[in-house]
Amino acid sequence: EGDDLLVNGTVTNTGGKDGATQELNLTEFDGIHVDNESFTLDSGEREAFNFTWSTGVGNDGTGDVTVFSENDSDSTEVTVQEEANFAVNITDTNSPVAEGEALEVNATIENTGDGKDSQNVTLEAGALGNASANVSLSGGGSTTEMFAVGTEVGDAGTYTATVASEDDSNSTQVTVQESPEPANF
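Residues numbered from 1 in each chain as written. Predicted model: local features only at pLDDT ≥ 70, side-chain atom pairs only at ≥ 80, totals over all residues. Heavy atoms only, no water.

**Description of a negative patch on the surface**
Judged by side-chain charge, Asp3, Asp4, Glu83, Glu166, Asp167 and Asp168 come together as a negatively charged surface patch. Within the fold, aspartate 3 resides in the segment before β1 (4-12). (Patch = residues over 30% accessible without salt bridge, like charges linked within 9 Å, V, L, I, M, F, W, Y side chains within 5 Å. Areas by Shrake-Rupley, 256 points an atom, 1.4 Å probe, with all protein chains shown as cover. Salt bridge = Lys/Arg side-chain N within 4 Å of Asp/Glu carboxyl O. Lys, Arg positive; Asp, Glu negative; His and termini not counted. Charge placed at Lys NZ, Arg CZ, Asp CG, Glu CD. Helix = DSSP H or I, 4+ residues; strand = E, 2+ residues; numbered from the N terminus.)

**Quick word on the side chain of asparagine 59**
By secondary structure assignment, the location of asparagine 59 is in the loop between β4 (46-54) and β5 (61-68). A distance of 2.7 Å separates the side chain of asparagine 59 from the backbone nitrogen of glycine 56, its partner in a polar contact. Those residues in contact with asparagine 59 that sit more than four places away from it in its chain are Glu1, Glu28, Phe29, Trp53 and Val80. (Polar contact = N/O pair within 3.5 Å; in protein donor to acceptor, adjacent residues only side chain to side chain. Contact = heavy atoms within 4.5 Å.)

**Section: the nonpolar core**
In terms of nonpolar packing, the biggest core is built from 24 residues, with Ile109, Leu123, Phe147 and Val163 touching the most fellow members. The set of elements that each furnish at least two residues to this core consists of β7 (86-93), β9 (103-111), β10 (117-124), β11 (130-137), β12 (142-149), β13 (157-164) and β14 (169-177). Those residues in contact with valine 163 that lie beyond four places of it in its chain are Val88, Ile90, Val105, Ala107, Val121, Thr122, Leu123, Phe147, Asp168, Ser169 and Asn170. Of all hydrophobic cores here, the second largest spans 14 residues; its members include Leu5, Val7, Val11 and Val78. (Core = buried A, V, L, I, M, F, W, Y, C linked by side-chain atoms within 4.5 Å. Buried < 20%, exposed > 50% of the residue type's maximum accessible area, 1.4 Å probe, protein only.)

**Digging into the sheet that holds strand β2 (residues 20-27)**
Read across the sheet, four strands follow the order β3-β2-β5-β6 without closing on themselves; strand pairing throughout is antiparallel. The sheet terminates laterally at β3 (33-41) and β6 (73-80), the two strands that pair on one side only. Neighbour-to-neighbour, the strand axes of the sheet open up by a mean angle of 15 degrees, direction not taken into account. Judged from the eight bridges that link them, β2 and β3 form a sheet pairing that is antiparallel. Looking at the pairing, glutamate 23 lines up with serine 38 of β3. (Pairing = 2+ DSSP bridges. Axes fitted to C-alpha atoms, helices over the stretch in contact; angles between N-to-C directions.)

**Observations regarding the environment of valine 174**
In this fold, valine 174 is placed in strand β14. Here the alpha-carbon distance between valine 174 and asparagine 94, two residues 80 residues apart in the chain, equals 8.5 Å. Beyond its immediate chain neighbours, meaning those up to four positions away, valine 174 contacts Thr93, Ser95, Leu103, Gly157, Thr158, Tyr159 and Ala161.

Written as structure tokens, this is what we have:
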């Protein structure tokens, strides 16, 4: 999805009339017209054609593309892969943490599409800061990433931690607790 599918071939005037003009058309899986070109050929003359189908969201799958004229057609099976899509799911955190401890957020990132891709996946934890990882996944692949941000005295409170890819995000509440007073003897 999102890429151009190129369909190349040749058209030949097999009739006996010189200077005959016909339109050649390309249709995709659902019979929807996606490209065309007119050819004027003498009898027996052959010429190359190059058609383009600019695929988009929802065009994934396997099916026939067809090139046809007024009196002939030819089809071939093609596969359009679904674009990479990085779904995010926060699996756990080490919350609550005390001021001065690192807050850790674990997330599973799954490529629910067919294509391989790399994306910058980020943790945003409000005033606590951000962390990121560059994640590369093949279609159907998944990985677990651990993101960490430091805390310090004065950070006590509840925060929303959000892990986000270019395609999806997931949030959870996390807590930083006040550091206990040191014992004095």
